[in-house]
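Commentary on secondary and tertiary structure
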Amino acid sequence: MSCPLCSADAPLENYEVTGGPAGASVAICGTCVGQLDGTLEASHWRGLASSMWSEEVAVQVISARVLKRLGEGWSQDLLDQLYLDEETQAWADNVAAESQHRDSNGVTLNAGDNVVLIKDLPVKGGGFTAKRGTAVRGISLVADNPEHIEGRVEGQRIVILTQFVKKK
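This one's a predicted model, so the numbers in the text were calculated from it and none came from an experiment.

Section: the sheet that holds strand β8 (residues 148-153)
In space, the three strands of this open sheet follow the order β7-β8-β9, with antiparallel pairing throughout. Sheet topology places β7 (140-141) and β9 (156-161) at the edges, where each strand pairs with a single neighbour. Two strands pair when backbone bridges link them, and β7 and β8 are joined in this way by two bridges, in the antiparallel orientation. Of the residues in β8, the one forming a bridge with Leu 141 is Ile 149.

Have a look at this one:
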């Protein structure tokens with residue numbers, strides 16, 4: 001079979017299409033997977049002119065997302081021509097926003113990540129010090145402040161400054 005996005009005759013692998021129905025996926029080639037998860041090469045995606053009209057909704061969603069990410073003149077023209085019903089358009093637009101929370105090394109932190117403290121931190125009101133090297137599992141992000149995360153240390157939920165953690 002050929003890749004529904006670029007028409008390459010290559011082994012296909014399942015790629016999860018997030019933001020829509022649970023378990024939605026499409027079988028695409030490794031080259032497309034690599035570019036979707038990294039940097040897009042505009043020349044590789046010229047085949048979207050035909051794949052955006054696929055009967056498979058997940059292919060339409062990926063096509064719309066890639067055309068939007070490319071930002072080329074030709075991709076914008078194709079995006080202007082693309083018609084998606086309301087439900088499919090909502091799925092295509094439902095892309096997780098990049099977190100603004102960064103650890104001490106500048107690595108993006110997401111909810112549920114595990115981090116390690118890089119400095120001894122006195123816990124106000126807790127009566128203890130969170131020691132350097134302590135693992136904090138399953139952090140939560142403080143929505144209105146990208147410099148704060150929450151995590152459980154010694155059984156207490158505390159707020160931690162992102163400058164004092166590194167992602168594990």
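So, the side chain of Thr 88
Mapping Thr 88 onto the fold places it in helix α5 (residues 86-93). Among residues more than four places away in sequence, those in contact with Thr 88 are Val 57, Gln 60 and Val 61.

Digging into the pattern of salt bridges
The final tally for this structure, using the stated rule, is three salt bridges. The partner of Lys 167 in a salt bridge is Asp 113, with the nearest N and O atoms 3.2 Å apart. Taken together, the positions of Lys 167 in strand β10 (residues 165-167) and Asp 113 in the loop between α5 and β3 (115-117) put the pair 54 residues apart, joining distant regions of the chain. Linking Glu 150 and Arg 157 is a salt bridge whose minimum nitrogen-to-oxygen distance equals 3.5 Å. For Glu 150, a relative accessible area of 28% translates into the label partly exposed.

Regarding α5
Of the residues making up α5, those classed as buried are Thr 88, Trp 91 and Ala 92. Taken down its axis, α5 places every buried residue within 100° of arc, on the same side. What points out from α5, more than 90 degrees from its buried face, is the exposed set Glu 86 and Glu 87. Considering only its buried residues, α5 is in contact with α3 (57-70). Near the N-terminus of α5, the side chain that reaches the backbone nitrogen of Glu 87, with its oxygen 3.2 Å away, is that of Asp 85.

Describing the side chain of His 101
Examined against the element boundaries, His 101 turns out to sit in the loop between α5 and β3. Its relative accessible area of 6% is what places His 101 among the buried residues. A polar contact of 3.2 Å, which involves the side chain of His 101, links it to the backbone oxygen of Asn 145. In this structure the side chain of His 101 is engaged in a polar contact, spanning 3.3 Å, whose partner is the backbone oxygen of His 148. Residue contacts for His 101: discarding those within four places in its chain leaves Val 107, Thr 108, Leu 109, Leu 141, Val 142, Asn 145, Pro 146, His 148, Ile 149 and Thr 162.

Things to note about the nonpolar core
With 32 residues, the main nonpolar core has Leu 5, Ile 28, Cys 32, Leu 36, Trp 45, Ile 62 and Val 66 as its most contacted residues. Ignoring sequence-local partners within four residues, the contact set of Ile 28 consists of Cys 3, Pro 4, Leu 5, Pro 11, Leu 12, Glu 13, Tyr 15, Val 33 and Leu 36. With 15 residues, the next largest nonpolar core counts Leu 109, Val 115, Leu 121 and Phe 128 among its residues.

The rules behind the values
Numbers given to residues run from 1 along each chain, matching the order in which its sequence is written. Where totals are concerned, whole chains, interfaces and linings use all residues; where local detail is concerned, this predicted model gives features only for residues with pLDDT of at least 70, and gives and counts side-chain atom pairs only at 80 or more. Computation of side-chain values: all heavy atoms of the structure, hydrogens and water removed. Should DSSP find at least two bridges between two strands, the strands are taken to pair. Segments assigned H or I by DSSP are reported as helices when at least four residues long, segments assigned E as strands when at least two residues long, and all are numbered from the N terminus. Here, residues are in contact when the closest pair of their heavy atoms is within 4.5 Å. What makes a salt bridge here is a side-chain nitrogen of Lys or Arg within 4 Å of a carboxyl oxygen of Asp or Glu, nothing more. Exposure categories follow from relative accessible area, calculated using a 1.4 Å probe and restricted to protein chains: below 20% of the type maximum is buried, above 50% is exposed, and the middle band is partly exposed. Each C-beta atom gives one direction from the helix axis, and the arc is the one those directions make. Here a polar contact is taken to be a pair of N or O atoms separated by no more than 3.5 Å, where protein atoms must pair a possible hydrogen donor with a possible acceptor and residues adjacent in sequence count only if both atoms sit in side chains. Think of a nonpolar core as a cluster: buried Ala, Val, Leu, Ile, Met, Phe, Trp, Tyr and Cys residues, connected wherever their side-chain atoms sit within 4.5 Å.

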